[in-house]
Amino acid sequence: MLSVPILYVVFNRLDTVKKTFPVIKQQKPLKLYIAADGPRKNKTGEDVECTDVRNWILSQIDWNCDVHTLFREENLGCKYGVSKAIQWFFQNEEKGIVMEDDILATNSFFQYCEKMLDWYQNDETIGFISGCTLSKYVEKKSEDYFLSTIPGVWGWASWNKKIKNYNPDYASLLNNKKVTTIMLNKRAEKNLLNNSLKSAKGEIDTWDYQMSDYMVSNKMYTIYPKMNLIRNCGFEGKSTHTFGIPSWYKDVSYEFNFIKLDTIKLNKKYAKGYESTHVISFFTVIKISIRSFFKHFRICRFLYYKVIKKN
């Protein structure tokens, strides 16, 4: 049985939950926190979908487990729904694992989190443990686990004492426009901080930019495994943000046994690679510009033949 508490954040996707919860069930956590946002008023039938998700999960808990639920009747949205669930969880636990409903973990992920939470709880430079590694940026000679800058939120863990001051309205730019962080790419840093600011102001409905901003501006690093331990199965129509598979994401995960290192170091190559995903490249700008040109060209041509030439 898993001694580390788990927070499982869900909403309305029963098909996705049926893929991801069985892995949690295999671990038989002694403490399980389930947070579910409420249905949106303008979505017909979503109240039934949300209820079905909650009831199915509860019906699957057949081991000795201390279960806590935060089932909301009204919809808070991604920003407050997830962030308040995280705050609720860490107000009750000193440390724990956080998983959203579309995160499909390997068995090794849970043991990895358990070990890292134990080994590095007193290291004030480490604030976050991520399970999803972008393998394209990992060299073969890399250590079995290492430090990087931006935290990855697809399956993660942390400690109450390191995360307690996080809130969804956090944005370092609100307090200090000259903020310095542990990030290596200044363009990526600027984009992250600006997105955090937009999210804090409610212009983007999410919680994770603020979490990343909180970690990097407080100069706390993230632990990553050399082998990816997470698959994201949420790239489908009912997801909130993940409508297409990113080019940097590789849908493969592994089992791995982690042994404690004598020293844990910053992997600059990985950090720079991961940070680059927060920057729109020159070629991407060109591609978007070309698509926009042809789109507007077709519209203008249509208007010319249908309106101007016709008259």
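Model, not experiment: these values are computed from the prediction.

Definitions and limits used
Residues numbered from 1 in each chain as written. Predicted model: local features only at pLDDT ≥ 70, side-chain atom pairs only at ≥ 80, totals over all residues. Heavy atoms only, no water. Helix = DSSP H or I, 4+ residues; strand = E, 2+ residues; numbered from the N terminus. Buried < 20%, exposed > 50% of the residue type's maximum accessible area, 1.4 Å probe, protein only. Phe/Tyr/Trp six-rings, centres within 6.5 Å; stacked < 30°, edge-to-face > 60°. Lys NZ or Arg CZ within 6 Å of the ring centre and 35° of its normal. Core = buried A, V, L, I, M, F, W, Y, C linked by side-chain atoms within 4.5 Å. Contact = heavy atoms within 4.5 Å. Pairing = 2+ DSSP bridges. Axes fitted to C-alpha atoms, helices over the stretch in contact; angles between N-to-C directions. Salt bridge = Lys/Arg side-chain N within 4 Å of Asp/Glu carboxyl O. Right-handed = clockwise from strand over helix to strand, strands pointing away. Parallel < 35°, antiparallel > 145°, perpendicular 65-115°, else oblique. Left-handed = near helix turned anticlockwise from the far one by under 90°. Nonpolar A, V, L, I, M, F, W, Y, C, P; charged D, E, K, R; others polar.

Caption draft 1: Seen up close, the overall build of the protein chain. When you go through the protein chain residue by residue, the secondary structure sums to 10 helices and 10 strands. Burial analysis of the protein chain (311 residues in total) assigns 49% to the buried set.

Caption draft 2: Layout of unusual backbone geometry. Notably, Lys28 is not glycine yet its phi reads approximately 50°, a positive angle. Here Lys28 shows up in the loop between helix H1 (14–27) and strand S2 (31–36). Looking at Lys28, the relative accessible area reads 37%, which means it is partly exposed. Positive phi, close to 60°, is recorded for Lys219, a residue that is not glycine. Position of Lys219 among the secondary structure elements: in the loop between helix H8 (208–217) and strand S9 (221–225).

Caption draft 3: Representation of the packing of aromatic side chains within the structure. Following the criterion strictly, the structure yields 22 aromatic pairs and no others. Ring centres of Phe128 and Trp156 lie 4.6 Å apart, and the angle between their planes is 15°; on these two criteria the pair is classed as stacked. Here Phe128 is found in strand S6 (residues 126–130), whereas its partner Trp156 is found in strand S8 (residues 156–159), with 28 residues between them in sequence. When sorted by exposure, Phe128 lands in the same class as Trp156, which is buried. A connected cluster of aromatic rings, assembled from ring pairs, spans Tyr33, Trp88, Phe89, Phe90, Phe128, Trp156 and Trp207. Note that Lys162 overlies the ring of Trp159, its terminal NZ or CZ placed 3.8 Å from the centroid.

Caption draft 4: Here's a closer look at the nonpolar core. Core analysis: the largest hydrophobic core is formed by 69 residues, its most contacted members being Leu7, Phe21, Ile97, Phe109, Phe110, Trp156 and Ile223. Apart from the residues lying within four places of it in its own chain, the contact partners of Ile223 are Tyr112, Met116, Tyr120, Ile126, Phe128, Ile129, Ser130, Tyr145, Phe146, Leu147 and Ile264.

Caption draft 5: Layout of H8. For H8, the buried fraction is high: 8 of the 10 residues fall into the buried class. Lys219 lies just past H8 and shows a positive phi near 60°.

Caption draft 6: Examining the sheet that holds S2 more closely. Pairing in this open sheet of 8 strands is mixed, and the strands run S3-S2-S1-S4-S8-S6-S9-S7 from one edge to the other. With partners counted over all chains shown, the strands left at the sheet margins are strand S3 (66–71) and strand S7 (145–148), one partner each. Put simply, the sheet's adjacent strands are angled 25° from each other on average, direction ignored. As judged from the 4 bridges shared by strand S1 (residues 6–10) and strand S4 (residues 95–100), these two strands associate in the parallel manner. In the strand pairing of S4, Val9 is matched with Glu100. Together, S1, S2 and S4 form the strand contacts of H1, whose direction differs from that of S1 by roughly 175°. Packed onto the sheet, helix H3 (residues 77–92) meets S1, S2, S3, S4 and S8 and runs at close to 155° relative to S4.

Caption draft 7: Spatial organisation of the pattern of salt bridges. Following the criterion strictly, the structure yields 7 salt bridges and no others. Where Asp62 meets Lys25, a salt bridge forms, and the shortest distance between an N and an O atom there is 3.5 Å. Taken together, the positions of Asp62 in the loop between helix H2 (46–60) and S3 and Lys25 in helix H1 put the pair 37 residues apart, joining distant regions of the chain. Since its relative accessible area comes to 58%, Asp62 is described here as exposed. Under the relative-accessibility criterion, Lys25 is labelled partly exposed at 22%.

Caption draft 8: Looking closely at the environment of Val9. Along the chain, Val9 falls in strand S1. We classify Val9 as buried; its relative accessible area is 7%. Spatially, the C-alpha atoms of Val9 and Glu100 are 4.6 Å apart, while their sequence positions differ by 91 residues. What Val9 contacts, discounting residues up to four positions off in sequence, is Ala35, Val82, Ala85, Met99, Glu100 and Asp101.

Caption draft 9: Structural detail: the pairing of S9. The buried fraction of S9 amounts to 4 of the 5 residues, a majority that puts the element mostly inside the structure. As paired strands, S6 and S9 are joined by 3 bridges and run parallel to one another. Counted as the bridge partner of Ile129 is Ile223 from S9. Direction of pairing for S7 relative to S9: antiparallel, over a ladder of 4 bridges. Looking at S9, one finds that Tyr145 is bridged to Pro225.

Caption draft 10: Quick peek at the pairing of S3. Inspection of the sheet shows S2 paired to S3 by 6 bridges, in the parallel sense. When the sheet's bridge partners are listed, Lys31 is paired in S3 with Asp66. You can see the chain leave S2, run along H2 and come back into S3, and the turn it takes is right-handed.

Caption draft 11: Representation of the packing of helix H7 (residues 186–200) against H8 within the structure. Running from amino to carboxyl end, H7 crosses H8 at an angle of 125°, the nearest separation of the two axes being 8 Å. Judged by the inter-axis angle, H7 sits oblique to H8. In this structure, H7 meets H8 at a crossing whose hand is left-handed. Across the interface between the two elements, Leu192, Leu193, Asn195, Ser196, Ser199 and Ala200 of H7 pack against Tyr209, Gln210, Ser212, Asp213 and Val216 of H8. Of the residues belonging to the contact of H7 with H8, the class tally is 5 nonpolar, 5 polar and 1 charged.

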